[in-house]
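Residue strings, one per chain:
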Amino acid sequence: MTVDDTGSGADADGREEPPPRSSSLEREDSQPSDSGDDPLALRLEQLILGAERRYTPFQAARSAGVSMELASRFWRAMGFADIGQARALTEADVLALRRLAGLVEAGLLSEAMAVQVARSTGQTTARLAEWQIDSFLEGLTEPPEPGMTRTEVTYPIIELLLPELQEFLVYVWRRQLSASAGRVVQAADDEEMVDRRLAVGFADLVGFTRLTRRMEEEELGELVEAFETTAADLVAARGGRLIKTLGDEVLYVADDAGTAADIALRLVETMANDETMPELRVGMAFGTVTTRMGDVFGTTVNLASRLTSIAPRDGVLVDSAFAEGLIRTGDAPASEAEAAEAAAAAEKEGEEPPTYRFALQPMWQRPVRGLGVVQPWLLTRRDDVTP
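From a predicted model like this one, the values you see are computed outputs, not experimental measurements.

**Q** Quick question: what am I supposed to make of the side chain of Asp 331 here?
**A** Here Asp 331 shows up in the loop between helix H12 (320-328) and helix H13 (336-348). On the accessibility criterion, Asp 331 (13% relative accessible area) is buried. A distance of 2.8 Å separates polar atoms of two side chains, one belonging to Asp 331 and the other to Thr 329. With sequence-adjacent residues up to four places away left out, Asp 331 is seen in contact with Gly 258, Leu 326, Tyr 356, Arg 357 and Phe 358.

Pasting the structure below:
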């Protein structure tokens, strides 16, 4: 969808665009600009968008009361392709421009922040839409009768699903927004809202590159989907947040080291019990991270990634700050000797010995590219703890 940002108001052949008319007049002249477009594809577009093509980008920007330059920035941020000055935009496009510009005019968002809103929303929904078409609708739109086209089958299916999927999308978005807002409110100060202390974990499938050479594409796709689904479910169920998936790797965060440690070990245990899955390795670090557009950045993230690359197969490595977090909260002893001493002291006093969920074993210090010398710790579950 985007635009030619010349702002000249001229057609492709150099003729001046007529001034915009009222909505009622525009409706009478709302023919598609491309007579070569497939009629069924146009019907499908109108069904999904809920409106017919009516405006050129210049007309849409002028109707929304925004400059052509700002309209171009918004549309491109949303991920829509340039369309020159074809008449391909709808009332919904005008309304979206008007809303974003209105937030800027009201002082609720800066122009740069409004562009970020457009970009983050566009990127997220583009991936969702691709997944729904590729994995969801593809299976539902197999023509049931010889001679029927996929589009002829797709139209009634989308007609039935669209309102339900739309309502579900809004519901999930509101739930996620509520959870995210709650975390911000609980932040200790304003700086912590952007630069926060989090546990960061990377989980990586071992030998994935070799698998890509041995497995058929469909098998590889199924393996990746199973890994991502399992990881996403475990991270969510145990109280973490999945940041992104990268095929053979997932990145997640948690507010505390104990939660992140439990997720990591459960991931390793779950994959080890599945004969179809490769071995897994996990690296984790605890510290300050910068959050932008749903992603996380910074030294802590880089350290977690480096630890993943040196972690043993079916093993979990953590940094010193992560280990200190577990020790401070009583989730792990500083050493097995300390655990034994505490148990002996408790027995002498007739008390219950302290229980630890995790064990930490210091590994050899080693230089890590770009981060200096690092002290890794091998994280395991204590023998007397049932996962």
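**Q** Sorry if this is basic, but what is going on with the packing of helix H3 (residues 57-64) against helix H5 (residues 91-105) here?
**A** Between two packed helices, both the angle of their axes relative to each other and the distance between the axes serve to describe the pair. Contact pair H3 / H5: the axes reach a minimum separation of 8 Å and the direction vectors enclose 45°. As far as their axial angle goes, H5 and H3 are oblique. Seen along the crossing, H3 lies across H5 with a hand that is right-handed. Counting all contacts with H3, which are made through Ala 60, Ala 61, Ser 63 and Ala 64, the residues of H5 involved are Val 94, Leu 97 and Arg 98. In terms of residue class, the contact of H3 with H5 is built from five nonpolar, one polar and one charged.

**Q** Explanation requested: the packing of aromatic side chains in the structure shown.
**A** Scanning the entire structure with this criterion turns up one aromatic pair. Relative to Tyr 171, the ring of Phe 168 lies with its centre 6.0 Å away and its plane at 40°, an arrangement referred to as tilted. Here Phe 168 and its partner Tyr 171 are both found in helix H7 (residues 150-185), three residues apart, which amounts to about one turn of the helix. On the basis of relative accessible area, Phe 168 is assigned to the exposed category, the value being 52%. Positioned above the aromatic ring of Tyr 155, the side-chain terminus of Arg 43 is 4.2 Å from the ring centre.

**Q** When you look at the nonpolar core in this model, what are you seeing that I'm missing?
**A** What tends to happen in soluble globular proteins is that the nonpolar side chains get buried as a cluster. Within the largest apolar cluster, 39 residues are counted, with the highest numbers of intra-cluster contacts made by Met 284, Phe 322 and Leu 379. Looking at this core, the element that brings in the most residues is helix H10 (residues 257-272), giving nine residues. Counting 20 residues, the second-largest nonpolar core is a separate cluster that includes Phe 58, Val 66, Ala 101 and Ala 114.

**Q** I keep staring at the pairing of strand S10 (residues 377-381) and nothing clicks. Help me out?
**A** The side chains of a regular strand alternate, first on one face of the sheet and then on the other. Among the five residues of S10, four are classified as buried, and the element is accordingly described as predominantly covered. In this sheet, S10 lies alongside strand S6 (residues 315-318) in antiparallel orientation, the contact comprising three bridges. Note on S10: the bridge partner recorded for Val 316 is Leu 379. Summarising the sheet, strand S7 (residues 358-362) and S10 pair through five bridges and their orientation is antiparallel.

**Q** Please explain H5 as it appears in this structure.
**A** Because each turn of an α-helix spans 3.6 residues, side chains separated by three or four positions end up pointing in the same direction. End to end, H5 covers 21 Å across 15 residues, agreeing with the expected 21 Å (1.5 Å per residue, within 8%). By the burial criterion, the buried members of H5 are Asp 93, Val 94, Leu 97, Leu 100 and Ala 101. On an axial view of H5, the arc spanned by its buried residues comes to 135°, and they lie on one face. N-cap assignment for H5: the residue whose side-chain oxygen lies 3.1 Å from the backbone N of Ala 92 is Thr 90. Positive backbone phi, approximately 80°, marks Gly 107, located one or two places after H5.

**Q** Sorry, what's going on with helix H9 (residues 217-237) here?
**A** Its 21 residues place the ends of H9 30 Å apart at the C-alpha level, agreeing with the 30 Å of an ideal helix rising 1.5 Å per residue. All of the buried residues in H9 are Leu 220, Leu 223, Val 224, Phe 227, Ala 231, Leu 234 and Val 235. Considered in projection along H9, the buried side chains sweep an arc of 110° and stay on one side of the axis. Summarising the geometry of H9, the exposed residues directed more than 90 degrees from the buried face are Glu 218, Asp 233, Ala 236 and Ala 237.

**Q** What is the right way to read unusual backbone geometry from this model?
**A** One can expect most non-glycine residues to show negative phi and most peptide bonds to be in trans. Although it is not a glycine, Asp 314 sits at a positive phi angle of roughly 55°. Among the structural elements, Asp 314 can be located in the loop between helix H11 (299-310) and S6. By relative accessible area, Asp 314 is classed as partly exposed at 32%.

**Q** Would you mind going over the packing of H9 against H10 with me for this structure?
**A** As a packed pair, H9 and H10 sit with axes 10 Å apart at the nearest point and diverge in direction by 145°. Where H9 crosses over H10, the handedness of that crossing is right-handed. Note on element contacts: H10 touches H9 through Ile 263, Arg 266, Leu 267, Thr 270 and Met 271, opposite Phe 227, Thr 230, Ala 231, Leu 234 and Val 235. Looking at side-chain class alone, the contact of H9 with H10 contains seven nonpolar, two polar and one charged residues.

Reading guide: rules and limits
Here the residue index of a chain counts from 1 through its sequence in written order. Reporting of local features is limited, given that this is a predicted model, to residues whose pLDDT is at least 70; pairs of side-chain atoms are given and counted only at 80 or more, and all residues count toward the totals for whole chains, interfaces and linings. Only heavy atoms go into the side-chain values, all of them from the structure, while hydrogens and water stay out. Where helices and strands are cited, they refer to DSSP runs of H or I of at least four residues and of E of at least two residues respectively, numbered from the N terminus. The cut-offs for exposure are 20% and 50% of the maximum accessible area for each residue type, with area from a 1.4 Å probe on protein chains only; residues under the lower value are buried, those over the upper are exposed, and the others partly exposed. What qualifies as a polar contact is a pair of N or O atoms within 3.5 Å, subject to a donor-acceptor requirement within protein and to the restriction that residues adjacent in sequence count only when both atoms come from side chains. Every residue pair with non-hydrogen atoms within 4.5 Å of one another is taken to be in contact. Only the contacting stretch of a helix is used when fitting its axis, a line to C-alpha atoms as for every element, and angles between N-to-C directions run 0 to 180 degrees. Throughout this description, any angle smaller than 35 degrees is read as roughly parallel, any larger than 145 degrees as roughly antiparallel, any in the 65 to 115 degree range as roughly perpendicular, and the remainder as oblique. Helix crossings fall into two classes, left-handed where the near helix is turned counterclockwise from the far one by less than a right angle and right-handed where it is turned clockwise. Residue classes follow a fixed rule: Ala, Val, Leu, Ile, Met, Phe, Trp, Tyr, Cys and Pro count as nonpolar, while Asp, Glu, Lys and Arg count as charged, and any other residue, Gly among them, counts as polar. Two rings belonging to Phe, Tyr or Trp (six-membered ring only in the last case) form a pair when the distance between their centres is within 6.5 Å. Interplanar angles under 30 degrees mark stacking, angles over 60 mark edge-to-face geometry, and anything in between is tilted. The criterion for a charge sitting over a ring is simple: Lys NZ or Arg CZ within 6 Å of the ring centre, and within 35 degrees of the ring normal. The nonpolar core is taken to be a set of buried Ala, Val, Leu, Ile, Met, Phe, Trp, Tyr and Cys residues, with the residues joined through side-chain atoms within 4.5 Å. Strands are treated as partners if at least two bridges between them are detected by DSSP. Expected helix span is given by 1.5 Å per residue-to-residue step, counting one fewer step than there are residues. By definition, the arc is the one covered by directions from the helix axis to the C-beta atoms.

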